[in-house]
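Structural overview for review
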Amino acid sequence: MSKKVLIVEDDDNIAELLRLYLEKDGFTVEIAENGAKGISAFKSFNPNLVLLDIMMPVLDGWAVCREIRALSNVPIIMLTAKGETIDKVTGLEMGADDYIVKPFEVGELMARIHAVMRRFEVTEEPGEKRLTFDNLIIDMDSFELLVKGQRMDAPPKEMELLFHLASSPNRVYTRNQLLDEVWGFDYFGDSRTVDVHIKRIREKLEGISSKWSLKTVWGVGYKFEVSAD
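Residues numbered from 1 in each chain as written. Predicted model: local features only at pLDDT ≥ 70, side-chain atom pairs only at ≥ 80, totals over all residues. Heavy atoms only, no water.

Side-chain pairing between opposite charges can occur once the charged atoms of the two side chains come close. For the structure on display, the rule yields 17 salt bridges. Between D53 and K102 there is a salt bridge, and its shortest N-O distance comes to 3.0 Å. Of the two residues, D53 is situated in strand β3 (residues 49–53) and K102 in the loop between β5 (98–101) and α5 (106–123); the sequence distance between them amounts to 49 residues. Classification of D53 as buried rests on a relative accessible area of 3%. Note that K204 is salt-bridged to E158, the shortest N-O span being 3.0 Å. You can see K204 sitting in helix α8 (residues 192–205) and its partner E158 sitting in helix α6 (residues 156–166), a full 46 residues away along the chain. Take K204 and E158: they sit in the same class, and that class is buried. One network of salt bridges, in which partners are shared, links E9, D53 and K102. (Salt bridge = Lys/Arg side-chain N within 4 Å of Asp/Glu carboxyl O. Helix = DSSP H or I, 4+ residues; strand = E, 2+ residues; numbered from the N terminus. Buried < 20%, exposed > 50% of the residue type's maximum accessible area, 1.4 Å probe, protein only.)

Let's shift gears to the sheet that holds strand β2 (residues 28–32). Read across the open sheet, the five strands follow the order β2-β1-β3-β4-β5; overall the sheet is parallel. With partners counted over all chains shown, the strands left at the sheet margins are β2 and β5, one partner each. Mean inter-strand twist for the sheet, computed between neighbouring axes without regard to direction, equals 20°. Where helix α1 (residues 12–24) meets the sheet, it contacts β1 (4–8), β2, β3 and β4 (76–80), and its direction lies at approximately 170° from that of β2. The sheet contacts of helix α2 (residues 35–45) involve β1, β2 and β3, and relative to β1 the element is tilted by about 170°. (Pairing = 2+ DSSP bridges. Axes fitted to C-alpha atoms, helices over the stretch in contact; angles between N-to-C directions. Contact = heavy atoms within 4.5 Å.)

It is worth spelling out the packing of α2 against helix α3 (residues 61–71) at this point. Between α2 and α3, the shortest axis-to-axis distance is 10 Å and the interhelical angle comes to 20°. Taken together, the axes of α2 and α3 lie roughly parallel to each other. Of the two elements, α2 crosses α3, and the hand of that crossing is right-handed. Along the contact surface, α2 presents G35, I39, F42 and K43, while α3 presents V64, E67, I68 and L71. When the residues that make up the contact of α2 with α3 are grouped by side-chain class, the tally is five nonpolar, one polar and two charged. (Parallel < 35°, antiparallel > 145°, perpendicular 65-115°, else oblique. Left-handed = near helix turned anticlockwise from the far one by under 90°. Nonpolar A, V, L, I, M, F, W, Y, C, P; charged D, E, K, R; others polar.)

Next comes the structure, spelled out in structure tokens:
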């Protein structure tokens, strides 16, 4: 069965161009021309990946991303005419897996689509993926972050990053290592992506326990530090 891609884009020319290339590559495609229709299409179409424009009528891409993340951890690539760092950071904080700035080369976008889907398929592999620490459970089988027994909302990439660090307590990872091992060697972003996600994770876990912490190793990177007690 072919993979399904939902395009949420109000520019008909861009949407149809993307449909052409995606269908040529074997994907099944559905298009929604505004944010509200995008959410409806997501629920009925059940796509394997979403290409999501930011500036749209009815509901913008930020709102659509929030709605999708409340329902699913399906990969999202943001399409935006805005190239400022703050817009990229906002997308990542809301749970987007990648972003690409218009105008873009279709070949690059297709490469990003395949890269994101490969990473997602790896995280979906079955197996026991549950780590338990004082007041903290990271469960990658159900994609749940439990803090003091309560479920804490966390986008999939934050979960993956925290799990990766906590799987090797006290090991220091450089930003580039984390990009390679969590985002994938073919990720097109930069090391600021790691910093953004670390900041968001810290905000969620601040003051939870004195037995572990997410530490910055200045000039090197990050580690999930667990005390010897």
